[in-house]
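Next come the chains, spelled out residue by residue.
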Amino acid sequence: MPYSSFASMPCTLSRPAALLGERWTLLLLRQIFLGTRRFEDFQATMDISRSVLTDRLNVLLQENVLKRVPYHEDGRTRHEYRLTEKGRDLYPVLMALRTWGEKWMAPEEEESFHLHHRDCGGDVRAKVECTECAAELTARDVQVTAKQ
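Looking up the chain in an unreviewed UniProt entry gives the name Transcriptional regulator, HxlR family, with the organism given as Lentzea albidocapillata.

Right, dumping it as structure tokens:
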């Protein structure tokens with residue numbers, strides 16, 4: 001099924017899947033959250049072709065996940081890529097995928113990095129909770145109903 005089919009479905013999961021489902025997009029977002037902002041740095045850290053990187057960045061710009069911000073280097077104006085509010089809101093999504101990957105797909109002997117809260121040093125994790133009572137939820141705790 002082509003991208004446009006997923007993007008036009010009336011579903012709040014299919015539209016994000018259309019945007020984020022391409023394999024380089026999540027890795028590009030990972031790099032951005034790690035502080036990478038410049039085209040050449042993305043290429044160096046990701047081993048991604050210029051054409052694929054350009055395409056992925058353009059999609060994220062068009063979707064208002066990223067914005068281009070000018071900077072000056074060597075007397076030239078260049079651009080770096082920064083997250084918009086919409087882009088920053090993807091952080092819990094990436095953290096949930098990372099948590100799942102650490103639990104189910106990371107080899108035992110593989111060294112991984114740890115994420116800690118800057119203020120208290122606690123571990124970082126994504127969680128789903130109730131907006132009323134703040135209980136942590138699993139799929140079994142959730143009832144789906146049609147919007148009224």
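A.B. asks: Help me understand the state of the cysteines in this model?
C.D. replies: Any covalent bond linking the sulfur atoms of two cysteines counts as a disulfide. Here the structure, examined in full by the defined rule, presents 0 disulfides. Here Cys 130 is not disulfide-linked; the sulfur of Cys 133 is the nearest cysteine sulfur, at 3.9 Å. Residue classification places Cys 130 among the partly exposed positions, given a relative accessible area of 23%. Given a relative accessible area of 54%, Cys 133 falls into the exposed group.

A.B. asks: Is there a simple way to explain the nonpolar core in this structure?
C.D. replies: A general feature of soluble globular proteins is that nonpolar side chains tend to end up buried together. By size, the foremost hydrophobic cluster in this structure holds 20 residues, and its most contacted members are Leu 28, Leu 29, Phe 42 and Leu 57. For this core, the secondary-structure elements that each account for two or more residues are α2 (14–20), α3 (23–33), α4 (39–46), α5 (50–62) and β2 (76–83). Excluding anything up to four places from it in sequence, Phe 42 contacts Leu 28, Gln 31, Ile 32, Thr 36, Arg 37, Asp 47, Ile 48, Leu 53, Leu 57 and Tyr 81.

A.B. asks: In this structure, what is going on with unusual backbone geometry? I would like to understand it.
C.D. replies: A negative phi holds for most residues other than glycine; trans holds for most peptide bonds. Located in the positive-phi region is Asn 64, a residue other than glycine, with phi close to 60°. The topology assignment puts Asn 64 in the loop between α5 and β1 (66–73). Residue Ala 134 is not a glycine yet carries a positive backbone phi of 65°. Residue placement: Ala 134 occurs in the segment after α7 (91–104). Looking at Ala 134, the relative accessible area reads 44%, which means it is partly exposed.

A.B. asks: I keep staring at the side chain of Thr 36 and nothing clicks. Help me out?
C.D. replies: Structurally, Thr 36 can be placed in the loop between α3 and α4. With a relative accessible area of 11%, Thr 36 lands in the buried category. Ignoring anything within four residues of it in the chain, the contact list for Thr 36 reads Gln 31, Asp 41, Phe 42 and Thr 45.

A.B. asks: What's the story with α7 in this structure? I'm lost.
C.D. replies: One turn of the α-helix equals 3.6 residues, which is why residues spaced by three or four share an orientation. Along its 14 residues, α7 runs 20 Å from first to last C-alpha, staying within 8% of the 20 Å computed at 1.5 Å per residue. Every buried residue of α7 is listed here: Leu 94, Met 95 and Gly 101. An end-on view of α7 places all buried positions within 125° of arc, on one side of the element. Of the exposed residues in α7, those oriented more than 90 degrees away from the buried face are Lys 103 and Trp 104. Contacts made by the buried residues of α7 are with α3.

Cut-off values and rules
Residues numbered from 1 in each chain as written. Predicted model: local features only at pLDDT ≥ 70, side-chain atom pairs only at ≥ 80, totals over all residues. Heavy atoms only, no water. Disulfide = S-S within 2.5 Å. Buried < 20%, exposed > 50% of the residue type's maximum accessible area, 1.4 Å probe, protein only. Core = buried A, V, L, I, M, F, W, Y, C linked by side-chain atoms within 4.5 Å. Helix = DSSP H or I, 4+ residues; strand = E, 2+ residues; numbered from the N terminus. Contact = heavy atoms within 4.5 Å. Expected span 1.5 Å × (residues − 1). Arc of directions from axis to C-beta.

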